[in-house]
Amino acid sequence: MTQTIRVDIVSAEAEIYHGEAVMVVATGELGELGITPRHAPLITRLKPGHVDVVLAGGERQQFYVSGGILEVQPQVVTVLADTAARATELDEASAQRAKKEAEDTLANRTDAMEIAEAQAKLAQAIAQLQALERMRKNLKH
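Residues numbered from 1 in each chain as written. Predicted model: local features only at pLDDT ≥ 70, side-chain atom pairs only at ≥ 80, totals over all residues. Heavy atoms only, no water.

- The chain is annotated in an unreviewed UniProt entry as ATP synthase epsilon chain of Rhodanobacter terrae.
- Check the Subcellular location (unreviewed entry) section of the UniProt entry for the chain; it says "Cell membrane".
- Under the UniProt heading Subunit (unreviewed entry), the entry covering the chain gives this text: "F-type ATPases have 2 components, CF(1) - the catalytic core - and CF(0) - the membrane proton channel. CF(1) has five subunits: alpha(3), beta(3), gamma(1), delta(1), epsilon(1). CF(0) has three main subunits: a, b and c." (UniProt positions renumbered as here; feature names shortened; annotations may be inferred.)

Following this line, the structure appears as structure tokens:
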């Protein structure tokens, strides 16, 4: 019998995912994290990027988060994010537009607040595009 861990991915708007998994992969501030059942408890901040949930049959559910908190307990992994979505629900055209707008703002260098906001928007847009690319690569395999 395969050991699993419960996974909850929650955004400010709704619960995005609730189910069992054999592994969760996420992008923490210090790099990639791979969480399996009975992992040591931890809390870390997540960077904008992907969260992959590997199911018992090997199927991979892919999600995008705008950043947030990852909490690991012995029997449950919880992802709390301001924004989260299934990778299949991301809009590539919107992400490309957001990336372009953020790059334009950075190129025009206005005040420090606008630059910081543009950098955050750029990081989120790039993370969305990377999540879409990861999903496409996994569909080919």
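1. Considerations on the side chain of His-50
Inference 1: Residue position: His-50 is located in strand β5 (residues 42-54).
Inference 2: Here the side chain of His-50 touches Glu-32 through a polar contact of 3.2 Å, side chain to side chain.
Inference 3: Excluding residues that lie within four positions of it along the chain, His-50 makes contacts with Val-25, Ala-26, Thr-27, Glu-32, Phe-63 and Arg-134. (Helix = DSSP H or I, 4+ residues; strand = E, 2+ residues; numbered from the N terminus. Polar contact = N/O pair within 3.5 Å; in protein donor to acceptor, adjacent residues only side chain to side chain. Contact = heavy atoms within 4.5 Å.)

2. Some thoughts on the environment of Ile-9
Inference 1: Its location among the elements puts Ile-9 in strand β1 (residues 5-11).
Inference 2: For the pair Ile-9 and Ala-85, spaced 76 residues apart in the sequence, the C-alpha separation amounts to 9.3 Å.
Inference 3: The residues contacting Ile-9, other than those within four sequence positions of it, are Glu-15, Ile-16, Tyr-17, Val-51, Val-53, Phe-63, Val-79 and Ala-84.

3. So, the nonpolar core
Inference 1: Residues Val-7, Ile-9 and Val-53 are the most contacted members of the largest nonpolar core, which totals 21 residues.
Inference 2: Mapped onto this core, the elements with two or more residues apiece are β1, β2 (15-21), β3 (23-28), β5, β6 (60-65), β7 (68-73) and β8 (76-81). (Core = buried A, V, L, I, M, F, W, Y, C linked by side-chain atoms within 4.5 Å. Buried < 20%, exposed > 50% of the residue type's maximum accessible area, 1.4 Å probe, protein only.)

4. Notes on the environment of Glu-114
Inference 1: Topologically, Glu-114 is positioned in helix α2 (residues 112-140).
Inference 2: When the C-alpha positions of Glu-114 and Ala-102 are compared, they lie 9.6 Å apart, and in sequence the two are 12 residues distant.

5. Some points on the pairing of β3
Inference 1: Burial of β3 is extensive: 5 of the 6 residues sit out of reach of the surface.
Inference 2: Looking at chain direction, β3 and β5 are connected through 5 bridges and run antiparallel. Residue pairing for β5: Val-24 is matched across the bridge by Val-53.
Inference 3: Sheet topology places β3 next to strand β4 (residues 31-35); 5 bridges connect them, and they run antiparallel. What sits directly across from Val-24, in β4, is Ile-35.
Inference 4: From the end of β3 to the start of β4, which pair antiparallel, there are 2 residues. (Pairing = 2+ DSSP bridges.)

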